[in-house]
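Residue-level structure breakdown
Below are the chains, spelled out letter by letter.
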Amino acid sequence: MDFQLAFIKNPQQIILKDFGQITKEPRGKIMDIEELSNLNLQGLFLSETLLEDPEFLGNLTTSVEKNPIRTAEEINLNADLFENLTTEEATPYFHKVYNSWVLQNNLSLLEELTTVIKHLNNLWPNDRTAFFEEFWSIVRRNLGTSELTLVYNDMQKAKKEGEKNKLIKVKVHGTAKPNPEEGGELETKLMKNYEKLFQAEFEVVEYNKEKGQMVSVFTIKKSPVILMANIYGLTRLQKSLMKALIDGLQENWV
């Protein structure tokens with residue numbers, strides 16, 4: 001699978017590189033630091049000297065929370081070396097920082113699972129969109145997705161007097177941020193295709209390890225959900241955590 005790495009060159013600029021198959025030439029470009037929060041990175045590197053700047057660190061908080069990050073000195077890397085990395089050379093850096101980041105997210109969720117479940121269960125009856133946006137972010141961090149889509153049912157309120165509320169499909173899709181929108185014919189067909197597989201447990205129904213594509217289905221309080229993701233691997237810990245999370249969401253905790 002392709003992956004993206006970035007190096008913070010200075011407080012104003014980053015170097016972004018897209019790495020594909022070994023035979024492809026990595027593509028790189030210079031971007032403004034403000035664009036960092038919109039990127040879906042599998043690794044972010046910076047010099048230790050930047051960590052001594054409180055103002056810079058304050059602006060970096062959001063990016064640190066949603067991207068794997070390491071100091072350049074920790075892995076013997078600098079801006080010049082980074083700009084000239086081939087895909088083959090970059091792959092070990094990617095695995096080292098990304099696998100560690102996902103594992104830390106898994107351990108954090110394990111430690112905070114009860115609190116997370118209670119928070120999500122409180123959102124469920126009051127704001128379904130907010131629930132799935134937060135759920136999307138939790139899944140992204142803990143499965144380490146490069147792209148993630150959730151499809152679920154929601155009730156659209158009647159717009160005119162005399163009309164009835166309407167059951168619709170909604171999808172929350174994105175790479176770095178969740179983007180909810182009303183589903184269409186495709187989402188309806190997907191729900192129909194998997195309707196006999198929905199159950200209260202998290203179940204992986206399709207997984208292509210070589211392509212890094214996964215589909216899972218489950219229900220939340222008897223409401224069906226489809227999860228489609230591009231991932232770099234799937235561990236036993238990740239599957240167990242997702243199962244525990246979905247199991248917990250079946251309960252009506254307060």
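Not measured: the values here are computed from a predicted model.

How each quantity is defined
- Residues numbered from 1 in each chain as written.
- Predicted model: local features only at pLDDT ≥ 70, side-chain atom pairs only at ≥ 80, totals over all residues.
- Heavy atoms only, no water.
- Helix = DSSP H or I, 4+ residues; strand = E, 2+ residues; numbered from the N terminus.
- Expected span 1.5 Å × (residues − 1).
- Bend = angle between axes of the 7 residues up to and from the residue.
- Salt bridge = Lys/Arg side-chain N within 4 Å of Asp/Glu carboxyl O.
- Buried < 20%, exposed > 50% of the residue type's maximum accessible area, 1.4 Å probe, protein only.
- Axes fitted to C-alpha atoms, helices over the stretch in contact; angles between N-to-C directions.
- Parallel < 35°, antiparallel > 145°, perpendicular 65-115°, else oblique.
- Left-handed = near helix turned anticlockwise from the far one by under 90°.
- Contact = heavy atoms within 4.5 Å.
- Nonpolar A, V, L, I, M, F, W, Y, C, P; charged D, E, K, R; others polar.
- Pairing = 2+ DSSP bridges.

Section: helix H3 (residues 87-123)
Over its 37 residues, H3 runs only 42 Å from end to end, short of the ideal 54 Å by more than 12%, given 1.5 Å per residue. The principal kink in H3, of about 75°, is found at Glu 112.

Things to note about the pattern of salt bridges
Counted by the stated rule, this structure contains 5 salt bridges. Glu 74 serves as the salt-bridge partner of Arg 70, at 3.7 Å between the closest nitrogen and oxygen. Of the residues examined, Arg 70 reaches a relative accessible area of 15% and is grouped as buried.

As for the packing of helix H4 (residues 128-143) against helix H6 (residues 236-249)
Two elements in contact, H4 and H6, have axes separated by 10 Å at closest approach and are oriented at 160°. Taken together, the axis directions place H4 and H6 in an arrangement best described as roughly antiparallel. Our pair here, H4 against H6, has a crossing hand that is right-handed. Residues Phe 131, Phe 135, Ile 138, Val 139, Asn 142 and Leu 143 of H4 form the contact with H6, whose own contacting residues are Gln 238, Leu 241, Met 242, Leu 245, Ile 246 and Leu 249. Of the residues contributing to the contact of H4 with H6, the split by class is 10 nonpolar, 2 polar and no charged.

Structural notes on the sheet that holds strand E11 (residues 223-230)
Adjacent strands of a sheet form backbone hydrogen bonds with each other and so pair up, either parallel or antiparallel. Strand order across the open sheet formed by 6 strands is E8-E7-E6-E11-E10-E9, with antiparallel pairing between neighbours. The open sheet has two edge strands, strand E8 (179-182) and strand E9 (203-208), and neither has a second partner. Here the strands of the sheet are splayed against their neighbours by 20° on average, with no regard to which way each runs. Pairing between strand E6 (residues 147-156) and E11: 6 bridges, direction antiparallel. Its bridge partner being in E11, Glu 147 is matched across the sheet by Asn 230. Contacts from H4 reach E6, strand E7 (166-174), E8, strand E10 (213-220) and E11, with the element oriented near 160° to E6.

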